[in-house]
Amino acid sequence: MIRRLLTEYEIPTIPATERAKIIIDRDWLYQQYVTNSRALPDIARELGMSTANLARWANKHEIPMRPRGGPSHTAALDAAAAAKTVPPILRTAVAAQGGRDRLERAKAASRFPTLTEAAHALGTSQATLTNQFLRLERETGGALFDRAERNRPMTLTAHGRRVIDAIRKLDGTASESPGG
């Protein structure tokens, strides 16, 4: 039925045996996607293929893909490159979107006796700061703070001290006295 309609409306068809196999050159794709910051759907449309198929080619050629809904490709690549140059304890955090900001907040908060005071001084809510620290704890592999309790201030854990020391070394502020 479909073939009859195509013939009737004089729509040209390509026999399955004659379809050209598209081979994507790695350097060309890298130039288009990474260097020229073109979107994968635009490149795929130009080549007459699906975005998913082009994404498979990018994966095959080990071209770093931009995360969806996140920062720009350049920011993602810069974060990944920066993560390679930091102490191992900070790599996962630095590679993540907003990781450097979370690390700086942890360093700043380490000087306060409670998360509430730290949040107030940093201009955010205690809940937001808590969520950011929970994420940092997952990214760095351990608890950063022993939370404040009645008549006992918040203190850094041994892991937290290692993280804060690594942040200070990274920032060139290793001479500051560690909090907690």
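Whatever comes next refers back to the structure up there.
Conventions used here
- Residues numbered from 1 in each chain as written.
- Predicted model: local features only at pLDDT ≥ 70, side-chain atom pairs only at ≥ 80, totals over all residues.
- Heavy atoms only, no water.
- Helix = DSSP H or I, 4+ residues; strand = E, 2+ residues; numbered from the N terminus.
- Core = buried A, V, L, I, M, F, W, Y, C linked by side-chain atoms within 4.5 Å.
- Buried < 20%, exposed > 50% of the residue type's maximum accessible area, 1.4 Å probe, protein only.
- Contact = heavy atoms within 4.5 Å.
- Axes fitted to C-alpha atoms, helices over the stretch in contact; angles between N-to-C directions.
- Parallel < 35°, antiparallel > 145°, perpendicular 65-115°, else oblique.
- Left-handed = near helix turned anticlockwise from the far one by under 90°.
- Nonpolar A, V, L, I, M, F, W, Y, C, P; charged D, E, K, R; others polar.
- Phe/Tyr/Trp six-rings, centres within 6.5 Å; stacked < 30°, edge-to-face > 60°.
- Polar contact = N/O pair within 3.5 Å; in protein donor to acceptor, adjacent residues only side chain to side chain.

**Q** Is there a simple way to think about unusual backbone geometry in this case?
**A** The phi torsion of most residues other than glycine is negative, and most of the peptide bonds are trans. One non-glycine residue, Glu10, lies in positive phi territory at about 55 degrees. Here Glu10 shows up in the loop between helix H1 (2–8) and helix H2 (26–35). Notably, Asn151 is not glycine yet its phi reads approximately 60 degrees, a positive angle.

**Q** Please explain the nonpolar core as it appears in this structure.
**A** In a soluble, globular protein the nonpolar side chains are often hidden away together inside. Residues Leu90, Leu103, Leu129, Phe133, Leu136 and Phe145 are the most contacted members of the largest nonpolar core, which totals 22 residues. Tallying contributions element by element places helix H10 (residues 158–171) first for this core, with four residues. Those residues in contact with Leu90, other than ones at most four positions away along the chain, are Leu103, Val163, Ala166, Ile167 and Leu170. With twelve residues, the next largest nonpolar core counts Ile24, Ile43, Met49 and Leu54 among its residues.

**Q** Sorry, what's going on with the packing of H2 against helix H3 (residues 40–47) here?
**A** Relative placement of two packed helices is described by the angle separating their axes and the distance separating the axes. Between H2 and H3, the shortest axis-to-axis distance is 9 Å and the interhelical angle comes to 135 degrees. The orientation of H2 with respect to H3, classified from their angle, is oblique. Crossing of H2 against H3: the hand is right-handed. Facing H2, whose interface residues are Trp28, Leu29, Gln32 and Tyr33, H3 presents Leu40, Ile43, Glu46 and Leu47. Partitioning the contact of H2 with H3 into residue classes produces six nonpolar, one polar and one charged.

**Q** Any chance you could explain the packing of helix H8 (residues 115–122) against helix H9 (residues 126–140) here in plain terms?
**A** In contact at an axis separation of 8 Å, H8 and H9 are set at 105 degrees when each is read in the N-to-C sense. Classified by the angle between their axes, H8 and H9 sit roughly perpendicular to one another. Across from Leu115, Thr116, Ala118, Ala119 and Leu122 in H8, the residues of H9 making contact are Gln126, Leu129, Thr130 and Phe133. A class-by-class count of the residues in the contact of H8 with H9 yields six nonpolar, three polar and no charged.

**Q** For this particular structure, what's the right way to read the packing of aromatic side chains?
**A** The geometry of an aromatic ring pair comes down to the distance between the two centres and the angle between the two planes. This model, assessed by the stated rule, comprises one aromatic pair. Seen from their ring centres, Phe133 and Phe145 are 5.2 Å apart, and the 40 degrees between their planes marks the pair as tilted. On the criterion of sequence distance, the pair formed by Phe133 in helix H9 and Phe145 in strand E1 (residues 145–146) is long-range, its members being twelve residues apart. Neither residue differs from the other here; Phe133 and Phe145 are each classed as buried.

**Q** Please clarify how helix H7 (residues 99–109) should be interpreted in this entry.
**A** Given 3.6 residues to a turn, an α-helix orients residues that are three or four positions apart in the same direction. Every buried residue of H7 is listed here: Gly99, Arg102, Leu103, Ala106, Lys107, Ala108 and Ala109. The inward-facing, buried residues of H7 contact helix H6 (91–95), H8, H9, E1 and H10.

**Q** So what exactly am I meant to see when it comes to the side chain of Ser110 here?
**A** With respect to the helices, strands and loops of the structure, Ser110 is situated in the loop between H7 and H8. On the accessibility criterion, Ser110 (5% relative accessible area) is buried. Of the polar contacts made by the side chain of Ser110, one reaches the backbone oxygen of Lys107; its length is 2.6 Å.

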